[in-house]
Amino acid sequence: MNGWVLRPASLPALITLVAVGLFGLLADHQNHQIFEQHARAAVADRLSVIRARLEGNISRDIQIGRGVVAAFATRPTLGEAEFNTLVEHLLATGSDLRLMAAAPDMVVRMVHPLAGNEKVMGLNYARTPNQRDAAFRARQTGQLVMAGPLELVQGGIGIVGRFPVLIDQPAGRPVFWGIVSAVIDIDRLYANSGITTTDFDLDLTMRGRDGKGAAGEIFFGSEDVLARNPLSTTVNIPGGTWQLAATPRGGWPAPPNNAVFRLMIVLIGAMVVLPILVTSHLYAERRRNLDELREAKRLAEARNHQLEEANRRVRHTSLHDELTGLPNRRYLMDHLGDLKSGAPEIAGRIAVLHIDLDRFKQVNDAYGHAVGDRLLRHVAGLMRAVFRPGDIVARIGGDEFVAVCISEEPEGLARTLAEALIAGFRHPIDLGELRCRSGLSIGIACSGPGDSQPAKLLIDADIALYRAKKLGRNRFEFFTPALEAEVVSAKCLADEILTGMEEEQFTAHYQPQFDARTRAMVGIEALARWNHPADGVVPPARFLKVAEDINALPVLDHLVLETALADRLRWIAAGIRVPRIAVNVSMGRLRDERLVDTLSTMAIGPGALSFELTEAIYLDDSDEVVSENIQRLKALGIEIEIDDFGTGYASIVSLMRLQPNRLKIAHQLTAAVSTSFAQRQLIRSIVEIGRTQGIGIVAEGVETLEQADVLAELGCQTLQGYALGRPMDADALAKLMLQERDLAAGSPDGLLISRGDRN
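Definitions and limits used
- Residues numbered from 1 in each chain as written.
- Predicted model: local features only at pLDDT ≥ 70, side-chain atom pairs only at ≥ 80, totals over all residues.
- Heavy atoms only, no water.
- Pairing = 2+ DSSP bridges.
- Helix = DSSP H or I, 4+ residues; strand = E, 2+ residues; numbered from the N terminus.
- Axes fitted to C-alpha atoms, helices over the stretch in contact; angles between N-to-C directions.
- Buried < 20%, exposed > 50% of the residue type's maximum accessible area, 1.4 Å probe, protein only.
- Expected span 1.5 Å × (residues − 1).
- Arc of directions from axis to C-beta.
- Salt bridge = Lys/Arg side-chain N within 4 Å of Asp/Glu carboxyl O.
- Contact = heavy atoms within 4.5 Å.
- Parallel < 35°, antiparallel > 145°, perpendicular 65-115°, else oblique.
- Patch = residues over 30% accessible without salt bridge, like charges linked within 9 Å, V, L, I, M, F, W, Y side chains within 5 Å.
- Areas by Shrake-Rupley, 256 points an atom, 1.4 Å probe, with all protein chains shown as cover.

**As for the sheet that holds strand S11 (residues 392-397)**
Then, in step 1: Taking strand neighbours across the sheet as the criterion, the five strands line up as S11-S12-S10-S15-S16 in an open arrangement whose pairing is mixed. What marks the edges here is a single partner per strand, and that holds for S11 and strand S16 (476-478). Within this sheet the neighbouring strands show an average axis-to-axis angle of 20°, counted without direction.
Then, in step 2: In this sheet, strand S12 (residues 400-407) lies alongside S11 in antiparallel orientation, the contact comprising five bridges. Each bridged residue has a counterpart across the sheet, and for Ala394 the counterpart in S12 is Val402.

Below is the structure:
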């Protein structure tokens, strides 16, 4: 058999061929690996850029939305024109937003731009299935909720960000105002992120609809990409993530020189005479590939550095106020959390100063928001100058600031800082082309020895700030346990009042009014009473002040009015002649633009009803809505009375302008009328004013029949007080009016002369 015979002469060649063959196999395998690494590194770089663009564009759009939210949080009454101007200004800076919409109480009332988005106007999130869940989740969590991409009501596809708008209250938790929606045009986002350009050379898939990441639905690209061993990365969006997966267009390619490379290996095996040249060639090829990998690594590191710097800037923006450069609320809360977690290591005690700019709204209204912004920057500069370098001073919203200081004696430090701040506002402030005056109200809370509850101190400082404003503003107050107890008590009473209105615990009692000469009943005043489940009938003095603080007086006014009108119809049906009914009306009710429209639907005849306005709340007020409502009330036949006359600051000019039907002399003036000559002279002057202007005079607070006689002699036409009739419920008043009718029918002159036994 002539088999293969290994000759010594061929041994070097065989060894060389084997060595070259083994080296060739190794080189072939390594070539595949190097090419694959290069291709995946290139795709990874592209994905990093795409991710950064998406995150940057979305972050920019969200910041615009937060700007609109801040505007409504500062000014809940922001009108449509101001809204459109604000949004147009924000959108002019460049964004992917298709529109901004404001939905107070979950119903869209403002949209910009309106063209092309008309179907959005009036949209009720609570009744729209594909909008409801995200809107309610934003309301419950108080945080931004991103939804989409989804089909829009007005057509097209977009990403919708729901921003809850919370209105800070002087006392209590923030109140939910509504929703601000920012709609990102998905096609514009894709184009600005560079993934829909004609030269885009990746097969890209995005999934994670509604921010659900890898568990979400695919909303861009094909599912086929996921089966081709793609590279993936995560895009962070507010409230969730998206997952990007990509491969080169058409899939991963094989090395372009694969066949040539293998042929070269074959030639190397055949050309034993050229091993050095072939080896050199392979070594050079390997070095070139390594250099490319190093360059790719350098580029990747450079891009990572850029992303880290971008993230740093985004974090700084998210933790600082754009207008003043001070830390924002989020920074403050993080700092308070750090103080709590590191309480044993705090070198001293904590002082928290809650600072509010007095009359800031008037500055904005009178001079515009640009001047208001300059004033806020001035305040920020003053605080930087007053507070120490280690103190934290944050703008937490609108014209509110919070400072946190650490000291062995925080009370003394806080007092010194507060006095310095207030002193900085004692002179007019130069704001460029104008000078204005303002002031600061400051609430201070300090931790006790060994006590570190920073979040509680923030609440306590807010309570002290409320007290400072209540005591006249432009001052500072320290928090005390007694102040906390007062606030807690008022909060409990406020909750009971709101519950009482929901459960219809409030009703009306009636106090009759009598002719000063004949003592016949000529009027009735409807008074609010609270049928408290535990305390029984509660008089107004117990609850009116707190009801005014929580803006519940307009509701109470309406309840008393409805009750009085219903009782009046019932009395008339029973054959009782009902005199004029007077009801109290608050300033909040007078400012209601729908007041007259509501009253016009009720059964109110001319002269059957009069509204009592306190002298302090109207006569010198220049509110155009109030003035217009009063004129329209007169047109409806509703008479106007000025209550507590003589205790306010009205001028005769304003009295002539209003021309009320009656003036009610306050009980403080009638109390000593039978014993004080000066009081009688004062009341005689008021009667003379009423006579010259054709205005009736009612004296209230008549406690004795002697006072009644003196007031009648002085010229008062109508009397009201315990000496003649106490407040009573509707049934008791009905019996009294029936007795009045029967006695009047039996009297020779048709009048009841004395009722001293009915007190």
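**Section: the pairing of strand S10 (residues 349-358)**
Then, in step 1: Where burial is concerned, most of S10 is hidden: 10 out of the 10 residues are buried.
Then, in step 2: Side-chain alternation along S10 places Arg349, Ala351, Leu353, Ile355 and Leu357 on one buried face and Ile350, Val352, His354, Asp356 and Asp358 on a second face that is also buried.

**Digging into helix H21 (residues 677-693)**
Then, in step 1: Over its 17 residues, H21 extends 25 Å from the first C-alpha to the last, a length consistent with the 24 Å expected when each residue adds 1.5 Å.
Then, in step 2: Residues Gln679, Ile683, Ile686, Val687 and Gly690 constitute the buried set of H21. Down the axis of H21, the buried set is contained in an arc of 100°. They therefore lie on one face. Exposed and oriented more than 90 degrees from the buried face of H21 are Phe677, Ala678 and Arg691.
Then, in step 3: Immediately downstream of H21, the backbone of Gly694 shows phi near 70°, a positive value.

**So, the pattern of salt bridges**
Then, in step 1: Taken as a whole, this structure holds 36 salt bridges when the rule is applied.
Then, in step 2: Note that Arg662 and Glu639 form a salt bridge whose closest N and O atoms lie 2.1 Å from each other. Remark: Glu639 occurs in strand S22 (residues 639-645) and Arg662 occurs in strand S23 (residues 662-665); sequence separation between them is 23 residues.
Then, in step 3: Taken together, the salt bridges that share partners define one network made up of Asp356, Asp358, Lys469 and Arg473.

**As for the sheet that holds strand S5 (residues 175-185)**
Then, in step 1: One open sheet holds the five strands; their spatial order is S2-S1-S5-S4-S3, and the pairing between them is antiparallel. Of all the strands in the sheet, the pair left with one neighbour each is strand S2 (110-112) and strand S3 (145-151). Strand-to-strand, the axes of this sheet are offset by a mean angle of 20°, without reference to chain direction.
Then, in step 2: Here strand S1 (residues 97-104) pairs with S5 via seven bridges, running antiparallel. Residue pairing for S5: Pro104 is matched across the bridge by Gly178.
Then, in step 3: Here helix H2 (residues 80-91) sits on the sheet in contact with S1 and S2, set at roughly 30° to S2.
Then, in step 4: On top of the sheet, helix H3 (residues 129-141) reaches S3, strand S4 (157-167) and S5; it is set at about 170° to S3, its chief contact.

**Comments concerning the packing of helix H11 (residues 454-470) against helix H12 (residues 481-502)**
Then, in step 1: Taken N-terminus to C-terminus, the directions of H11 and H12 make an angle of 80°; their axes are 10 Å apart at the nearest point. Judged by the angle between their axes, H11 and H12 are roughly perpendicular. Of the residues in H12, those in contact with Lys456, Asp460, Ile463, Ala464, Arg467 and Lys470 of H11 are Leu483, Glu484, Glu486 and Val487.

**Describing unusual backbone geometry**
Then, in step 1: A cis amide bond links His112 to the next residue, Pro113, at an omega of -5°.
Then, in step 2: Take Pro113: it is sitting in the loop between S2 and H3.
Then, in step 3: Note that the residue after Gly148, namely Pro149, is joined by a cis bond; omega there is 5°.
Then, in step 4: Of note in the backbone geometry, Asn229 takes a positive phi value of approximately 50° without being a glycine.
Then, in step 5: Checked against the element boundaries, Asn229 lands in the loop between strand S7 (218-220) and strand S8 (231-237).
Then, in step 6: Among the residues examined, Asn229 registers a relative accessible area of 49% and is labelled partly exposed.

**Things to note about a nonpolar patch on the surface**
Then, in step 1: Where nonpolar side chains cluster on the molecular surface, the patch consists of Leu263, Val266 and Leu267 and spans about 280 Å² of accessible area.
Then, in step 2: Inspection of the secondary structure puts Leu263 in helix H5 (residues 258-270).
Then, in step 3: For Leu263, a relative accessible area of 51% translates into the label exposed.

**Brief notes about helix H18 (residues 624-635)**
Then, in step 1: Taking 1.5 Å of rise per residue, the 12 residues of H18 would be expected to cover 16 Å, and the 17 Å separating its terminal C-alpha atoms lies within 8% of that figure.
Then, in step 2: Within H18, the full set of buried residues consists of Val626, Asn629, Ile630 and Leu633. Across the axial projection of H18, the buried residues extend over an arc of 100°, all falling on one side. For H18, the exposed residues set more than 90 degrees away from the buried face come down to Glu624 and Ala635.

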